[in-house]
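The lines below spell out each chain.
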Amino acid sequence: MRRVRERAYAKLNLTLDVLRKRPDGYHDMEMVMQTVDLYDTVDITLNDVPGIEVGISRDDLPKNLHNLAGKAAAEFLNFVNESVGVSVYITKNIPDKAGMAGGSADAAAVIRGLDKLLETRLSDKELLELCAKVGSDVPFCLRGGTALARGRGEVLTDLPALPRCGIVIVKPDFSVSTPALFGALDGQEIENRPDTAGFLDLLKAGDLPGMGKKLYNVFEPVLPPPERETVDAIKAHLLRNGALGACMTGTGSAVFGLFPSLEAAKRVKPLPYATFFASPVEKTV
Ligand code: C5P
């Protein structure tokens, strides 16, 4: 086999807590992560001429080794000691700079695809370790479904699947710097945190309205004021339009609302921002 096509699914953070800053500069996290059915298509092809090429359907996004997918290919080839040529082409649908792990999902898709193409059959543990080298969100993107992520984000525990529901994702025009938001949190005591244990109990009970009320992201209060205002306005709009709860994902700037069904989600009055309708996806590997 010389070519595979993989789907790279986006994620949302149903809860996001930052526990502490670590000596290595990263932060220990506690997050309930959810895969949703919004995906990039990643075509991976083997060539006889060594070298890694990454193309992408959007001119404003990085190519080749500047793209996380290129870094993933390089790490994979290094790990399995192969010097074959790899071409990747990403057809982008996941909004970028959204907190939805679009780049990490593409990287995980490359690792999954190369494992198939080169028939290396790495163990789950080896695959997840490789993913963690590429980025903190990449292991979750490989695994998918509903999971509790700890450590930098790479220590994963599978959770019961989120009940069937509809999700509206709204991507405002601004982007937020991830290191800057972590830095803003470092400078202060975090007053409000998600009730992660309570959320997990509700997830086990399949109580979607209960979970809606407990969506929470510690980055929201440290957004710069104009951006925070926009996020709050989008959340209020989603709640007025029937959302069971609404929250920003990751370090933003996408905001999502949880609805009892996709039909209910699609009844939301339009906002002047890119809007996506999605459903949860169960484990991808
Ligand atoms: O691991 P990744 O390259 O995706 O992280 C991007 C940046 O986000 C890091 O350089 C760091 O500033 C911050 N980060 C962090 N703690 C984490 C994950 C990311 O401080 N657990």
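Residues numbered from 1 in each chain as written. Predicted model: local features only at pLDDT ≥ 70, side-chain atom pairs only at ≥ 80, totals over all residues. Heavy atoms only, no water.

Q: What am I meant to see in helix H6 (residues 196-205) here?
A: Of all the positions in H6, only Thr196, Gly198, Phe199, Leu200, Leu202 and Leu203 are classed as buried. Positive phi appears at Gly206, one or two residues downstream of H6, with a value of about 70°. (Buried < 20%, exposed > 50% of the residue type's maximum accessible area, 1.4 Å probe, protein only. Helix = DSSP H or I, 4+ residues; strand = E, 2+ residues; numbered from the N terminus.)

Q: What's the story with the site of the ligand in this structure? I'm lost.
A: The environment of the ligand is formed by Gly25, Tyr26, His27, Met29, Gly135, Ser136, Arg152, Thr178, Pro179 and Phe182. At 2.5 Å from an oxygen atom of the ligand is found a side-chain nitrogen or oxygen belonging to Ser136. Within the backbone of Arg152, a nitrogen or oxygen atom sits 3.0 Å from a nitrogen atom of the ligand. In isolation the ligand has 450 Å² of accessible area, and contact with the protein removes 68% of it. Mapped by element, the contributors of at least two residues to the shell around the ligand are strand S2 (27-47) and helix H5 (178-186). Looking at the shell around the ligand element by element, the count peaks at 3 residues for H5. Class assignment for the residues of the shell around the ligand results in 4 nonpolar, 5 polar and 1 charged. Each of domain 1 (3-158) and domain 2 (166-278) accounts for three or more of the residues forming the shell around the ligand. (Near = heavy atom within 4 Å. Polar contact = N/O pair within 3.5 Å; in protein donor to acceptor, adjacent residues only side chain to side chain. Areas by Shrake-Rupley, 256 points an atom, 1.4 Å probe, with all protein chains shown as cover. Nonpolar A, V, L, I, M, F, W, Y, C, P; charged D, E, K, R; others polar. Domains from an automatic or database assignment.)

Q: How should I be thinking about the sheet that holds strand S10 (residues 255-259) in this particular structure?
A: Strand pairs in the sheet, formed through backbone hydrogen bonds, run parallel or antiparallel to each other. In spatial order, the strands read S9-S10-S7-S11; together these 4 strands make up an open sheet with antiparallel pairing. Sheet topology places strand S9 (245-248) and strand S11 (274-278) at the edges, where each strand pairs with a single neighbour. Neighbour to neighbour, the strand axes of the sheet diverge by 20° on average, direction disregarded. Seen against the sheet, helix H8 (residues 225-240) touches strand S7 (166-171), S9 and S10 and runs at an angle of roughly 15° to S10. (Pairing = 2+ DSSP bridges. Axes fitted to C-alpha atoms, helices over the stretch in contact; angles between N-to-C directions. Contact = heavy atoms within 4.5 Å.)

Q: Explain the environment of Leu215 to me, please; I cannot follow it from the model alone.
A: Mapping Leu215 onto the fold places it in the loop between helix H7 (208-214) and strand S8 (216-217). With 199 residues separating them along the chain, Leu215 and Leu16 place their C-alpha atoms 8.5 Å apart. Beyond its immediate chain neighbours, meaning those up to four positions away, Leu215 contacts Leu14, Phe199, Gly245, Ala246, Cys247, Phe256 and Leu258.

Q: Honestly, the side chain of Thr35 in this entry has me stumped. Any pointers?
A: Tracing the chain through its elements places Thr35 in strand S2. For Thr35, the side chain forms a polar contact with the main-chain nitrogen of Gly145, separated by 2.8 Å. In this structure, Thr35 is in contact with Tyr9, Ala10, Lys11, Phe140, Gly144, Gly145, Ser279, Pro280 and Val281, ignoring residues within four places of it in sequence.

Q: Explanation requested: the nonpolar core in the structure shown.
A: In globular proteins that are soluble, nonpolar side chains generally tend to be buried together. Among the nonpolar cores identified, the biggest contains 96 residues, and Ile169 and Leu238 are the most heavily contacted of them. If one sorts the elements of this core by residue count, S2 sits on top with 9 residues. Two domains share this core, each providing at least three of its residues, namely domain 1 (3-158) and domain 2 (166-278). Setting aside residues no more than four positions away along its own chain, Ile169 makes contact with Leu12, Val36, Met100, Ala254, Val255, Phe256, Ala274, Thr275, Phe276 and Ala278. (Core = buried A, V, L, I, M, F, W, Y, C linked by side-chain atoms within 4.5 Å.)

Q: Which parts of the structure should I look at to understand the environment of Ala161?
A: The residue Ala161 is located in the loop between strand S6 (155-158) and S7 in this model. Judged by its relative accessible area of 36%, Ala161 falls in the partly exposed class. Sequence separation of Ala161 and Lys204 is 43 residues, and the distance between their C-alpha atoms is 8.7 Å. With sequence-adjacent residues up to four places away left out, Ala161 is seen in contact with Thr146, Leu203 and Glu282.

That is the geometry; function is a separate question.
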